[in-house]
Amino acid sequence: MARRRTRTIPGLLIALSLAATGLGIGGVAMTTGSASASPAHDAAAPHAAKAGYSMPGMPGMAMSNQASGDDADGDGYIMANPPVTGVTPSTYDPPHAYFHEFQAQCAPTKTAPDDPIVYPGQPGASHDHTFMGNTGTNANSTTASLESGNTACLAVGDKSAYWMPSLFKGTQKILPIGTQTIYYKSAINDYTSVRPFPKGLRFVVGSPMQTQDEFQHLKGTVEGWECGTSYHNWNFPATCPNTPDTQLNIRLQSPSCWDGIHLDTPDHKSHMAYTVASGNNQNVCPADHPVALPMIEFKMAWPVNGDMSQIHLSSGAGYSFHYDFFNAWDARTLAAMVTHCVNGGLQCDSRGYDQSQPGKGAVLNQNYQLP
């Protein structure tokens, strides 16, 4: 018997159109770190439409209403097969470990006004995005197409797709240079209970429609925009130190507690949740999202400094920053990295190696593959 689809969002699903549509050029050469484009967007426009579903601390996103390869009926619900049920959020207090993480080092691959999560099967419907990781990501990407693709991540088994709004200085598109750091961490106290992502899980962190106050108080926001010694900027700072080694940085953490049922939901958020405090301020997953997964922390850097008055995102102001994640890790590779580094309480690099504990060994060989 077919599993009945869970409806966690009542009422009519309203498909919002994101107002900012960047006309970025796909396949931008990675050697220059930037490319010219004319972003057709109004920085204020994404914040004018505040309709739609939203969760506390997670501002509203456009609803899916388009059939795609992973969502044949186009209702926005993609079911896990098999689902993970019968889980109780862990309150176990394991031996203290200051770190429980590993890195994914992934380079930008292209820019395009596509979003296979929010606008599946609709090329050109989104504001411009900078894509990292999987080299074939486009509006029609599915779990199967990503699995069969290639990757610009150091770990050969990480064919996941990562993307974020493109950054501009005036009309010039600025790309991050080289690999960017994407941390996989435990956000719960019991780091030993964190599980690998299910294949095909996808979600959006933050929202292009969020206000500055919402961005500042989003649980995943970490110190806002940074440059030099300037922190806690909830919009782009007016200036940054004009020195060669200064870049504009941001970190944003994802929710890491999963409902165990859905790989996606129409708002691309409600199947995931941030941790909650429980006794002595220990973080645990909430009862309705009991499955602990890795917490992703984007740590992005752009080669801009000095006068920042012309800096903006394809989605609008600095506080419209958000990102998308579509899991396409090789299951064995991800499981080995999570078990060794996260469950093992280590601070691993992209090979699964902790330099401070060399005796623990590495997960991946010198070619960044499972031996």
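The preceding data block contains the structure.
Residues numbered from 1 in each chain as written. Predicted model: local features only at pLDDT ≥ 70, side-chain atom pairs only at ≥ 80, totals over all residues. Heavy atoms only, no water.

A. Broad picture of the overall build of the chain. Within the chain one finds three helices and 24 strands. Within the chain, the proportion of its 371 residues that are buried is 57%. Residue pairs at least 24 apart in sequence account for 76% of intrachain contacts in the chain once pairs closer than 6 positions are excluded. (Helix = DSSP H or I, 4+ residues; strand = E, 2+ residues; numbered from the N terminus. Buried < 20%, exposed > 50% of the residue type's maximum accessible area, 1.4 Å probe, protein only. Contact = heavy atoms within 4.5 Å.)

B. Layout of the state of the cysteines. Applying the stated criterion across every chain yields a total of four disulfides. Between Cys227 and Cys240 runs a disulfide, and the two sulfur atoms are separated by 2.1 Å. Here Cys227 and Cys240 share a disulfide; its torsion about the S-S bond, -85°, makes the bridge left-handed. With Cys227 in strand E11 (residues 221-227) and Cys240 in strand E13 (residues 239-240), the pair connects residues that are 13 residues apart, well separated along the chain. Residue classification places Cys240 among the buried positions, given a relative accessible area of 7%. Along the chain, the cysteines engaged in disulfide bonds are linked according to the scheme 1-2, 3-4, 5-6, 7-8 when indexed in sequence order. (Disulfide = S-S within 2.5 Å.)

C. Geometry of the environment of Thr88. In this fold, Thr88 is placed in the loop between strand E2 (78-79) and strand E3 (101-106). Along the primary structure Thr88 and Pro286 are separated by 198 residues, whereas in three dimensions their C-alpha atoms are 9.1 Å apart.

D. Main features of the environment of Gly74. In this structure, Gly74 sits in the loop between strand E1 (34-36) and E2. When its relative accessible area of 9% is taken as the criterion, Gly74 is described as buried. For the pair Gly74 and Pro120, spaced 46 residues apart in sequence, the C-alpha separation works out to 9.3 Å.

E. Structural detail: the nonpolar core. Core analysis: the largest hydrophobic core is formed by 63 residues, its most contacted members being Phe102, Tyr162, Ile182, Tyr184 and Trp302. Looking at this core, the element that brings in the most residues is helix H3 (residues 331-342), giving five residues. Once you skip the residues sitting within four places of it in the chain, Phe102 turns out to touch Ile182, Tyr183, Tyr184, Trp329, Leu334, Met337, Val338, Cys341, Val342, Cys348 and Asp349. (Core = buried A, V, L, I, M, F, W, Y, C linked by side-chain atoms within 4.5 Å.)

F. Molecular detail of the pairing of strand E6 (residues 161-165). With respect to burial, E6 is a largely interior element, five of its five residues being buried. Judged from the five bridges that link them, strand E5 (residues 129-133) and E6 form a sheet pairing that is antiparallel. Considered in E6, the bridge of Gly133 is made with Ala161. Two elements, E6 and strand E24 (residues 323-326), share three bridges in a ladder whose sense is antiparallel. Within the sheet, the bridge partner assigned to Ala161 lies in E24 and is Phe326. (Pairing = 2+ DSSP bridges.)

G. Examining the sheet that holds strand E17 (residues 272-273) more closely. Read from one edge of the open sheet, three strands run E17-E15-E20, paired in antiparallel fashion. Both outer strands of the open sheet, E17 and strand E20 (291-292), are each paired with one neighbouring strand and no more. Where strand E15 (residues 257-258) and E17 come together, two bridges link them in antiparallel fashion. When the sheet's bridge partners are listed, Trp258 is paired in E17 with Met272.

H. Examining the sheet that holds E5 more closely. With antiparallel pairing, five strands are arranged side by side in an open sheet as E4-E5-E6-E24-E10. On the outer flanks of this sheet lie strand E4 (108-112) and strand E10 (202-205), each paired with one strand and no other. Mean inter-strand twist for the sheet, computed between neighbouring axes without regard to direction, equals 20°. For E4 and E5, the ladder comprises four bridges, and the chain directions are antiparallel. Of the residues in E5, the one forming a bridge with Ala112 is His129. (Axes fitted to C-alpha atoms, helices over the stretch in contact; angles between N-to-C directions.)

I. Layout of the packing of aromatic side chains. Enumeration according to the criterion identifies 17 aromatic pairs in this entry. Ring plane angle 35° and centroid distance 5.5 Å describe the contact between Phe131 and Trp163, whose orientation is recorded as tilted. Linking Phe131 in strand E5 with Trp163 in strand E6, this pair joins segments that are 32 residues apart in sequence. Trp163 matches Phe131 in its accessibility class, with the two residues each being buried. Of the aromatic side chains, those joined through ring pairs into one cluster are Phe102, Tyr162, Tyr184, Phe197, Phe203, Phe298, Tyr323, Phe325 and Trp329. Across from the ring centre of Phe131, 5.7 Å away, lies the NZ or CZ of Lys110, which sits over that ring. Its guanidinium or amino end placed over the ring of Tyr183, Lys185 lies 4.8 Å from that ring's centre, counting from NZ or CZ. (Phe/Tyr/Trp six-rings, centres within 6.5 Å; stacked < 30°, edge-to-face > 60°. Lys NZ or Arg CZ within 6 Å of the ring centre and 35° of its normal.)

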